[in-house]
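Summary of structural features
Okay, here's what each chain looks like letter by letter:
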Amino acid sequence: MQIRIPCVLMRGGTSRGPYFLAAHLPAEPEARDAMLLAALGSPHPLQIDGIGGGNSLTSKVAIIGPSSEPDVDVEYLFAQVSVERGLVDTRPNCGNMLAGVGPFAIESGLVTPSHPETLVRIRNRNTGALVDAVVQTPGRQVTYDGTAAIPGVPGTAAPISLRFRRVAGSKTGALFPTGQRSEEIGGIRVTLIDGAMPMMLVAAADLGTDATLPPEAIEADAGLLERIEALRLEAGRRMGLGDVSGSVIPKPALLAPGSGGATLTARYLTPHAVHRAMAVTGGITLAIAARLPGTVAAPLAAGEGEEVRIAHPAGQLAIGLSLEGEVVHWASVLRTARRIFEGHLLVPQTAAQAAAPLAAE
């Protein structure tokens, strides 16, 4: 017997995954996570028995529901589903999947559309962050067609403007959880920062590598990945996150000077593979670090002003930033999204026994 779950498959930014209404999944975290693992086909390197894409960027889930807060329209819970391990991590946020939340909420009837665009006010349940998403809705209908292009995604689509409010200290409560803008771990200078994403920043040259290398070249260096993971585990402990061996945060980033109009060059790890583009939350955190003296990023960063451009494997990510000292008033980014498939996802009942009430739907 299989359980039928209403589901929409969407591309959000440079990521992809199923979007669910919260009411269609078990409320109890263990039962919910068991269902998500079965839905995506984890653990398996190809996720052959589910709808995951065998990559961390296509093994993500967005769960959306109405909000009881007066100035918030919907709540969004992000889940990173491990490809090869039976783990679901809801500690981080994902700004790329966030790009699909506004359109999904409108088309699910959670938000009434306006003309020609609709503001969707989102509370991220992972971090508590508030995000304003502006979705194109000409004639009060969501449109995915447009001329906006983002690196890492072919073609063009309708622009979705995301403005993150009060992002500093997303998980730890402080922009710099250790109280220092840089410090040493094992003789390597790092910045431990919690902007829109808890991260560990390190100059690539300090690890004997190059942040302009393609992702495959970095992933092929097993010794380098082992060193980064050792640093990351200690970074997690220092940031008050405990044992992070089973978590995807903090995320490491290898940095180098910007070129070709970019403020900074970065390779963002997810954390055991290299992102083929740049995570939105990671890009925002890098932008903050680039503008604050004393961080690992600051001496590598070029230019001044509110816009920071992060060079990544697929191009550049432009981040708008309002920063006053260590107070981040807002950070903004342009993304796109597309609704790919809608229908019912079938999950073996044996994979989520606690979800039996859904079987009657």
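Below or above, wherever it landed, is the structure these notes cover. (Residues numbered from 1 in each chain as written. Predicted model: local features only at pLDDT ≥ 70, side-chain atom pairs only at ≥ 80, totals over all residues. Heavy atoms only, no water.)

**Things to note about helix H5 (residues 222–238)**
For the record, the criterion: Runs of H or I in DSSP of at least four residues are treated as helices and runs of E of at least two as strands, each being numbered from the N terminus. A helix is expected to span 1.5 Å multiplied by its residue count minus one. A 1.4 Å probe rolled over the protein chains alone gives each residue an accessible area, and that area as a share of the maximum for its type sets the label: buried under 20%, exposed over 50%, partly exposed in between. In what follows, a contact means two residues having at least one pair of non-hydrogen atoms within 4.5 Å.
With 17 residues, H5 extends 25 Å from end C-alpha to end C-alpha; this agrees with the ideal 24 Å at 1.5 Å per step. Of all the positions in H5, only Leu224, Ile228, Glu229, Leu231, Arg232, Ala235 and Gly236 are classed as buried. For H5, the secondary structure elements touched by its buried residues are strand S9 (183–185), strand S10 (188–194), strand S11 (198–203), helix H4 (215–219) and strand S12 (251–257). The first or second residue beyond H5 is Gly240, which carries a positive phi of 80 degrees.

**A few points about the pattern of salt bridges**
Test applied: For salt bridges, the criterion is a side-chain nitrogen of Lys or Arg within 4 Å of an Asp or Glu carboxyl oxygen.
In total, this model carries 16 salt bridges according to the counting rule given. For Arg121, the salt bridge identified is with Asp73, shortest N-O distance 3.0 Å. Here Arg121 is found in strand S6 (residues 117–124), whereas its partner Asp73 is found in the loop between strand S3 (60–66) and strand S4 (74–81), with 48 residues between them in sequence. Arg189 serves as the salt-bridge partner of Glu184, at 3.7 Å between the closest nitrogen and oxygen. Its relative accessible area of 35% is what places Arg189 among the partly exposed residues. One continuous salt-bridge network, built from bridges that share partners, spans Glu183, Glu234, Arg237 and Arg238.

**So, helix H1 (residues 29–40)**
Basically, it comes down to this: Distance and chemistry together define a polar contact, namely a pair of N or O atoms within 3.5 Å, with one atom able to donate a hydrogen and the other to accept it when in protein, and with adjacent residues in sequence counting only for side-chain atoms on both sides.
Given a rise of 1.5 Å per residue, 12 residues ought to cover 16 Å, and the 16 Å separating the end C-alpha atoms of H1 matches this to within 8%. Most of H1 is tucked away, with nine of its 12 residues classed as buried. Among all positions in H1, only Ala31, Arg32, Asp33, Met35, Leu36, Leu37, Ala38, Ala39 and Leu40 are buried. Tucked inside the fold, the buried residues of H1 contact strand S1 (2–12), strand S2 (15–21), S3, S4, strand S5 (88–89) and strand S17 (337–348). Where H1 starts, the residue carrying a side-chain oxygen 3.0 Å from the main-chain nitrogen of Glu30 turns out to be Glu28.

**A short note on the layout of surface pockets**
To keep it simple, the criterion reads: Residues are called lining when one of their atoms sits within 4 Å of a cavity or pocket point, these points coming from a 1 Å grid over the protein atoms alone, where a cavity is a set in which a 1.4 Å probe fits but cannot get out and a pocket is an open set with protein on both sides within 12 Å along at least five of seven lines. Grid points are joined across faces, edges and corners, and a volume is the space filled by probe spheres set on the points. Throughout, the ten residues Ala, Val, Leu, Ile, Met, Phe, Trp, Tyr, Cys and Pro are labelled nonpolar, Asp, Glu, Lys and Arg are labelled charged, and all others, Gly among them, are labelled polar.
Computed from the structure, the largest pocket encloses a volume of approximately 520 Å³. Lining the largest pocket we find 26 residues, and of these Ser56, Ser82, Val83, Glu84 and His272 sit closest to its centre. At the level of elements, S4 and S5 are the ones that each hand at least two residues to the lining of the largest pocket. Considered class by class, the residues forming the lining of the largest pocket number 10 nonpolar, 11 polar and five charged. The wall of the second largest pocket is formed by 13 residues, among which Arg11, Thr14, Ser15, Gly152 and Val153 lie closest to the centre. Its residues assigned to classes, the lining of the second largest pocket shows five nonpolar, five polar and three charged.

**Examining empty space enclosed by the protein**
Picture a little ball the size of a water molecule; that probe, rolled over the atoms, points out where space is still empty. Within the structure shown, the criterion is met by three cavities of 30 Å³ or more. As for the largest cavity, its lining consists of 15 residues, and the residues nearest its centre are Lys60, Gln80, Cys94, Lys251 and Tyr268. By residue class, the composition of the lining of the largest cavity is seven nonpolar, six polar and two charged.

**Looking at the environment of Leu264**
Looking at the element boundaries, Leu264 is found in strand S13 (residues 264–268). Linking Leu264 and Ala302, residues 38 residues apart in sequence, is a C-alpha distance of 6.9 Å. Beyond its immediate chain neighbours, meaning those up to four positions away, Leu264 contacts Leu255, Ala256, Pro257, Gly258, Leu286, Ala290, Ala297, Leu300, Ala301, Arg309, Ile310 and Ala311.

**Examining the state of the cysteines**
Basically, it comes down to this: Disulfides are defined in this document as cysteine sulfur pairs within 2.5 Å.
All told, the structure shown has zero disulfides when counted by the stated rule. Considering cysteine sulfurs only, Cys94 is the nearest to Cys7, which forms no disulfide, with 16 Å between them. By relative accessible area, which is 4% here, Cys94 ends up buried.

**Remarks on the side chain of Thr118**
Looking at the secondary structure, you find Thr118 in strand S6. The class of Thr118 is buried, set by a relative accessible area of 2%. Of note is the side chain of Thr118, whose polar atom sits 2.7 Å from the side chain of Thr137. Sequence-distant contacts of Thr118, defined by excluding residues within four places in its chain, comprise Ile106, Val111, Thr112, Pro113, Ala133, Val134, Val135 and Thr137.

**Notes on the pairing of S12**
We apply this condition: Only when DSSP finds a minimum of two bridges between them are two strands counted as paired.
Buried residues dominate S12, accounting for six of its seven residues. Bridge count between S11 and S12: five bridges; the pairing is parallel. Note on S12: the bridge partner recorded for Val202 is Leu254. In the sheet, S12 pairs with S13 via five bridges, with the strands oriented antiparallel. Its bridge partner lying in S13, Leu254 is registered against Arg267.

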